[in-house]
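# Examining the three-dimensional arrangement
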Amino acid sequence: MSSALKIESTNFDSEVLQSKVPVLVDFWAPWCGPCKLLGPTIETLASEYAGRVKVAKLNVEDNQELAARFGIRGIPTVMVFKNGSPVSTLVGLRSKEDLAKVLDANL
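Calculation criteria
- Each chain has its residues counted from 1, running along the sequence as written.
- Given that the model is predicted, a residue must reach a pLDDT of at least 70 before its local features are reported, and side-chain atom pairs must reach 80 or more before they are shown or counted; all residues, however, enter totals for whole chains, interfaces and linings.
- Just so you know, side-chain values use all the structure's heavy atoms and leave hydrogens and water out.
- Secondary structure elements follow DSSP: runs of H or I of four or more residues count as helices, runs of E of two or more count as strands, with numbering from the N terminus.
- A helix is expected to span 1.5 Å for every residue after the first.
- The angle separating two fitted axes, one through the seven residues that finish at a residue and one through the seven that start at it, defines the bend at that residue.
- Burial status follows relative accessibility: with a 1.4 Å probe on protein chains alone, a residue under 20% of its type maximum counts as buried, one over 50% as exposed, and anything between as partly exposed.
- Pairs of residues are marked as contacts when any of their non-hydrogen atoms sit within 4.5 Å.
- Within this scheme, the nonpolar core is defined by two criteria: the residues are buried Ala, Val, Leu, Ile, Met, Phe, Trp, Tyr or Cys, and they are joined through side-chain atoms within 4.5 Å.
- Taken from the helix axis, the directions to the C-beta atoms give the arc we talk about.
- Note on aromatic contacts: the rings of Phe and Tyr and the six-membered ring of Trp form a pair at centre separations within 6.5 Å, being stacked when their planes are under 30 degrees apart, edge-to-face when over 60 apart, and tilted otherwise.
- For a Lys NZ or an Arg CZ to count as sitting over a ring, it must be within 6 Å of the ring centre and within 35 degrees of the ring normal.
- Our working definition of a disulfide is a cysteine sulfur pair at a distance within 2.5 Å.
- Two strands are counted as paired when DSSP detects at least two bridges linking them.

Moving on: helix α2 (residues 33–48). With 16 residues, α2 extends 24 Å from end C-alpha to end C-alpha; this agrees with the ideal 22 Å at 1.5 Å per step. At G39, α2 shows its strongest bend, of approximately 30°, with the proline P40 following within four residues. Of the residues making up α2, those classed as buried are C35, L38, G39, T41, I42, L45 and A46. Those residues of α2 hidden inside the fold are in contact with β2 (23–28), β3 (54–59), β4 (77–82) and α4 (96–105).

Membership of the largest hydrophobic core comes to 18 residues, with the highest contact counts inside it found for F12, V25, L58 and F81. Among the elements of the structure, α1 (12–17), β2, β3, α3 (64–69) and β4 are those that each provide at least two residues to this core. Take this core: its biggest share by element is three residues, from β2. Sequence-distant contacts of F81, that is, excluding residues within four places in its chain, are made with F12, V16, L17, P22, V23, V25, F70, P86 and V87. With 16 residues, the next largest nonpolar core counts L24, I42, L45 and V53 among its residues.

Each α-helix winds once per 3.6 residues, and so residues spaced three or four apart point in a common direction. Taken together, the buried positions of α4 are L99, A100, V102 and L103. The arc enclosing the buried residues of α4, seen along the axis, measures out at 160°, which places them on a common side. Along α4, the residues that are exposed and aim more than 90 degrees away from the buried face are E97, K101 and A105. Looking at the buried positions of α4, the neighbouring elements they touch are β2, α2, β4 and β5 (85–91).

Given two aromatic rings, their pairing is described by the distance between the two centres and the angle made by the two planes. This model, assessed by the stated rule, comprises three aromatic pairs. One aromatic cluster is present, formed by F12, F70 and F81 through successive ring pairs. The cationic tip of K57 hangs over the ring face of W28; the distance from NZ or CZ to the ring centre is 4.9 Å.

Right, let's talk about the state of the cysteines for a bit. By the definition in use, this model includes one disulfide. Here C32 engages in a disulfide with C35; their sulfurs sit 2.4 Å apart. Here the disulfide of C32 and C35 is right-handed, its torsion about the S-S bond being about 80°. By the burial criterion, C32 is buried, and C35 matches it.

Let us look at the pairing of β4. Buried residues dominate β4, accounting for five of its six residues. Summarising the sheet, β2 and β4 pair through five bridges and their orientation is antiparallel. Bridge assignment links F27 to a residue of β4, and that residue is T77. Direction of pairing for β4 relative to β5: antiparallel, over a ladder of six bridges. By the bridge assignment, V80 is partnered in β5 with S88. Hairpin connection, β4 to β5: the antiparallel pair is bridged by two residues, and N83 has positive phi, about 55°.

The analysis is restricted to geometry; functional conclusions fall outside its scope.
The structure is reproduced here in C-alpha cells:
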C-alpha cells in the first residue's frame, strides 16, 4: 500500500514543482480536526493513484513559508500541481469523490 509523501521546504521543489506527474498536496496541521478527518481519504487516494499521481502532505506549522507562498489561509487545503504550477485548489473538508474528480481532470 502506498502512503502519502511527507513534503517540507527541503524537498518541495524537487518532489512537487519538478514532478513529471500531477501532485496533490494536502496542507494540514496536527491540531486541525477536519485535517485529521481528511487524512484517511488522502492515504486512500495515495494508494488508488499510485504511479499516476503523487500524493503528499505538508504540515503548515513546520513549513509556514510554503503555506504563505501559496496563500494558504484555511486548512485543510488541497492543491493539485501540474507542470510546476498549482492548477486546482479545494479548501475545507472534501469528499473522496470531489478530490478524485479534480485528480482525474488533471491526469
